[in-house]
Amino acid sequence: MKRKREPGEVTGGMVIEVTGSTYMVLSDGGEEFRCRTFPGTKTENDFSSLVAVGDRVVLKETETGTDLFEAVITLVERRRSALTRKRDVRRNRSKEKVQVIAANIDQLVVVVSAFDPPLSTRLIDRYLVFAESEQLETVIVVNKMDLEESQETRELMKPYHALGCRILYTSAEENSGMKALRKVLAGKLSALSGHSGVGKSTLINQLFGEELLRTGETNEKTGKGLHTTSSAIMLALPRSGYIIDTPGIREFNLSGITRENLRFYFKEFLSFMPKCAYSSCTHTVEPECGIKKAVESGHIDPERFESYLAIYESIDRDS
Ligand SMILES: Nc1nc2c(ncn2[C@@H]2O[C@H](COP(=O)(O)OP(=O)(O)OP(=O)(O)O)[C@@H](O)[C@H]2O)c(=O)[nH]1
Ligand SMILES: [Mg+2]
Ligand SMILES: [Zn+2]
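All residue numbers here refer to positions counted from 1 along the written sequence of the relevant chain. Here every chain gets a letter starting at A, and every ligand a number starting at 1, in the order they are written. The model is predicted, so local features are restricted to residues of pLDDT at least 70 and side-chain atom pairs to those at 80 or more, both for listing and for counting; the totals for chains, interfaces and linings are taken over all residues. By convention in this description, side-chain values take in all heavy atoms of the structure and omit both hydrogens and water.

### A closer look at the coordination of the magnesium ion (ligand 2)
Excluding water, the donors of a metal are its N, O and S neighbours within 2.8 Å, or within 3.2 Å for Na, K and Ca, and that exclusion means sites may look incomplete. For the magnesium ion (ligand 2), the full set of protein donor atoms is Ser 201 (OG) and Thr 229 (OG1), and the range of their distances to it is 1.9 to 2.2 Å. Pair noted here: Ser 201 is in helix H4 (residues 200-208) and Thr 229 is in the loop between H4 and strand S13 (233-236), with a separation of 28 residues, a long-range link. Residue Ser 201 is classed as buried on the basis of its relative accessible area of 7%. Overall, the relative accessible area of 17% leaves Thr 229 in the buried class. To qualify as a helix, a DSSP run of H or I must reach at least 4 residues; to qualify as a strand, a run of E must reach at least 2; elements of each kind are numbered from the N terminus. When accessible area is computed with a 1.4 Å probe and restricted to protein chains, residues below 20% of their type maximum are described as buried, those above 50% as exposed, and intermediate ones as partly exposed.

Written out as structure tokens, the structure reads:
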């Protein structure tokens, strides 16, 4: 039964969906409000998206003629964590430098697929750098295990097992590995992120046992997804916890990472860094580099080092 609405009433809530400039908010009282912001909306977060899925907000109810509960967001509270990416300034003229994909998450679930699209360890490395820098818990999900020789996939994932990452192998198609996934998601607020077409929405549908989210095909020629999910959405998991589905990304532009601090976020580098001749060694051109030696002696995975160099090169010199 719907309670009587009182315009002007103030309540707290959590943003569960963002569509354009409309925000769905689940209030602390368990009601859904359709909200918008206004010029007086205050935020405790600087230089980033005003509102994102997962945000804690304060609402003020407004009066409208419709059945739906409607409200304006008066305050966006400080985020305790966030999955963010740097905006591509060439493509985006917006003032906000950092795009918040999901806010206040307990863990980041990086989803890759074993095949179609092919497993991208480069992307995993980018997420791991971000997660290290933000001290975010991560889980790596390798989906579509029904499509690829599992031995080859596990070989590719070996360095991540060695790093101590939590890795799950799933097939949303064949409903395998889902029990383990349910277990790591229980009681937490998790965000799924990864390339388009890896099966993020399909995994969530499988968790619920029903088609809650639209899923898409991958392009036959490129094997890439067609960006089926267009905005982030949060769902309450059947038992406990919340999950956020996010749109597939093309690139993961790291925010907050500089050429200077990058090396601290490849955690297997840390114990070899004291062996570099220069304390500020970037492990790129310097002689007597402890990291390069560790790569040569097999103590650091060469692919991980290649990722480091690729990310290093992709970061603007002046950022
Ligand atoms: N063979 C196989 N296909 C899968 C599996 N999981 C998902 N798919 C298929 O992969 C395609 C893309 O799945 P989606 O769930 O839409 O992928 P997504 O990651 O949500 O993609 P975006 O929303 O574009 O980011 C669909 O055709 C799914 O049926 C799997 O485990 N095995
Ligand atoms: Mg999707
Ligand atoms: Zn070095």
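Next comes the rest of the description.
### Comments concerning the pairing of strand S9 (residues 107-113)
With seven of seven residues buried, S9 lies mostly within the body of the structure. Here S9 shows a buried face lined by Gln 107, Val 109, Val 111 and Ser 113 and a second buried face lined by Leu 108, Val 110 and Val 112. What makes two strands pair is DSSP finding at least two bridges between them. Sheet topology note: the S9/strand S10 (residues 137-143) ladder contains seven bridges and is parallel. Across the sheet, residue Val 109 finds its bridge partner in S10, namely Val 139. Think of it like this: strands point away, you trace from the first strand over the helix to the second, and a clockwise trace means the crossover is right-handed. Crossover connection from S9 via helix H1 (residues 121-134) to parallel S10: handedness right-handed. Where S9 and strand S12 (residues 189-193) come together, four bridges link them in parallel fashion.

### Section: the coordination of the zinc ion (ligand 3)
With distances of 2.1 to 2.4 Å, the protein atoms coordinating the zinc ion (ligand 3) are Cys 276 (SG), Cys 281 (SG), His 283 (ND1) and Cys 289 (SG). Look at where the donors of the zinc ion (ligand 3) fall in the sequence and you get C-x4-C-x1-H-x5-C. Comparing Cys 281 with His 283, the two get one shared label, buried.

### Concerning the pattern of salt bridges
Oppositely charged side chains may form a pair once their charged atoms are brought near each other. For salt bridges, the criterion is a side-chain nitrogen of Lys or Arg within 4 Å of an Asp or Glu carboxyl oxygen. Applying the stated rule across the entire model yields 12 salt bridges. Two residues, Asp 106 and Arg 80, come together in a salt bridge whose shortest N-O distance is 3.2 Å. In this pair, Asp 106 is assigned in the loop between strand S8 (98-103) and S9 and Arg 80 in the loop between strand S6 (69-76) and strand S7 (82-86), connecting sequence segments 26 residues apart. On the basis of relative accessibility, which here comes to 58%, the residue Arg 80 falls in the exposed class. A salt bridge links Glu 137 to Arg 166; the shortest N-O distance between them is 3.3 Å. Remark: Arg 166 occurs in the loop between helix H2 (150-162) and strand S11 (167-169) and Glu 137 occurs in strand S10; sequence separation between them is 29 residues. Residue classification places Glu 137 among the partly exposed positions, given a relative accessible area of 44%. When salt bridges with common partners are traced through the structure, they connect Asp 125, Glu 268 and Arg 304 into a single cluster.

### So, the site of ligand 1
The criterion for a residue being near a molecule or strand is simple. One of its heavy atoms has to lie within 4 Å of it. Taken together, 23 residues sit near ligand 1, with Ser 196, Thr 202, Gly 216, Thr 228 and Thr 229 positioned nearest. Within the side chain of Ser 171, an N or O atom sits 3.5 Å from an oxygen atom of ligand 1. In these tables, accessible area is a Shrake-Rupley quantity obtained with a 1.4 Å probe, and a residue counts as shielded only by the protein chains included in the view. Taken by itself ligand 1 offers 660 Å² of open surface, and the protein chains cover 91% of this. Ranked by residue count, the leading element in the shell around ligand 1 is H4, at three residues. Of the residues that constitute the shell around ligand 1, the class distribution is four nonpolar, 14 polar and five charged. Identification of polar contacts relies on pairs of N or O atoms within 3.5 Å, with a donor-acceptor requirement for protein atoms, meaning one able to donate a hydrogen and the other able to accept it, and with residues adjacent in sequence counted only if both atoms are side-chain atoms. The residue classification treats Ala, Val, Leu, Ile, Met, Phe, Trp, Tyr, Cys and Pro as nonpolar and Asp, Glu, Lys and Arg as charged. All others, Gly included, are polar.

### Concerning the side chain of Thr 282
Checked against the element boundaries, Thr 282 lands in the loop between strand S14 (242-245) and helix H5 (290-296). There is a polar contact of 2.7 Å between the side chain of Thr 282 and the side chain of Glu 286. Any two residues whose heavy atoms approach within 4.5 Å are treated as being in contact. Once you skip the residues sitting within four places of it in the chain, Thr 282 turns out to touch Tyr 308 and Tyr 312.

### Some points on H1
Residues spaced three or four apart along an α-helix point in a common direction, a consequence of the helix completing one turn every 3.6 residues. What a helix should span is 1.5 Å times the count of its residues minus one. Taking 1.5 Å of rise per residue, the 14 residues of H1 would be expected to cover 20 Å, and the 20 Å separating its terminal C-alpha atoms lies within 8% of that figure. Among the 14 residues of H1, 10 are classified as buried, and the element is accordingly described as predominantly covered. Against the buried residues of H1 lie S7, S9, S10, H2, S12 and helix H6 (302-314). Trailing H1 by a residue or two, Gln 135 shows a phi angle of about 50°, which is positive.

### Re the domain arrangement of the chain
Entries for the chain in the domain assignment read domain 1 (10-77), domain 2 (83-245) and domain 3 (262-314). For domain 2 and domain 3, the distance between their C-alpha centroids amounts to 27 Å. Contact residues are listed per partner, giving 10 residues for domain 2 and 12 residues for domain 3. One can count three salt bridges joining domain 2 with domain 3. Domain delimitation follows an automatic or database domain assignment.

### With respect to empty space enclosed by the protein
Where empty space is left in the structure can be found by rolling a water-sized probe over the atoms. Using a 1 Å grid laid over the protein atoms alone, points where a 1.4 Å probe fits but cannot get out form a cavity; open sets with protein on both sides within 12 Å along at least 5 of 7 lines form a pocket; any residue with an atom within 4 Å of a point counts as lining. Grid points are joined across faces, edges and corners, and a volume is the space filled by probe spheres set on the points. Tallying each qualifying case throughout the model produces one cavity of 30 Å³ or more. Computed from the structure, the largest cavity encloses a volume of approximately 40 Å³. Per-element accounting of the lining of the largest cavity gives the leading share, three residues, to S9. For the lining of the largest cavity, the per-class residue count stands at six nonpolar, three polar and no charged.

### Notes on the packing of H1 against H2
Helix-helix packing is characterised by the crossing angle of the two axes and by the distance between the axes. Helix axes are fitted only over the stretch in contact, all axes being lines through C-alpha atoms; the angle between N-to-C directions runs from 0 to 180 degrees. As a packed pair, H1 and H2 sit with axes 11 Å apart at the nearest point and diverge in direction by 15°. One element, H1, and the other, H2, form an angle in the roughly parallel class. Handedness of the crossing formed by H1 with H2: right-handed. Along the contact surface, H1 presents Thr 121, Ile 124, Asp 125 and Leu 128, while H2 presents Leu 156, Met 157 and Tyr 160. A class-by-class count of the residues in the contact of H1 with H2 yields five nonpolar, one polar and one charged. By definition in this entry, angles of less than 35 degrees are roughly parallel, angles greater than 145 are roughly antiparallel, angles of 65 to 115 are roughly perpendicular, and the rest are oblique. Helix crossings are classified by the rotation of the near helix relative to the far one: an anticlockwise turn of less than a right angle makes the crossing left-handed, while a clockwise turn makes it right-handed.

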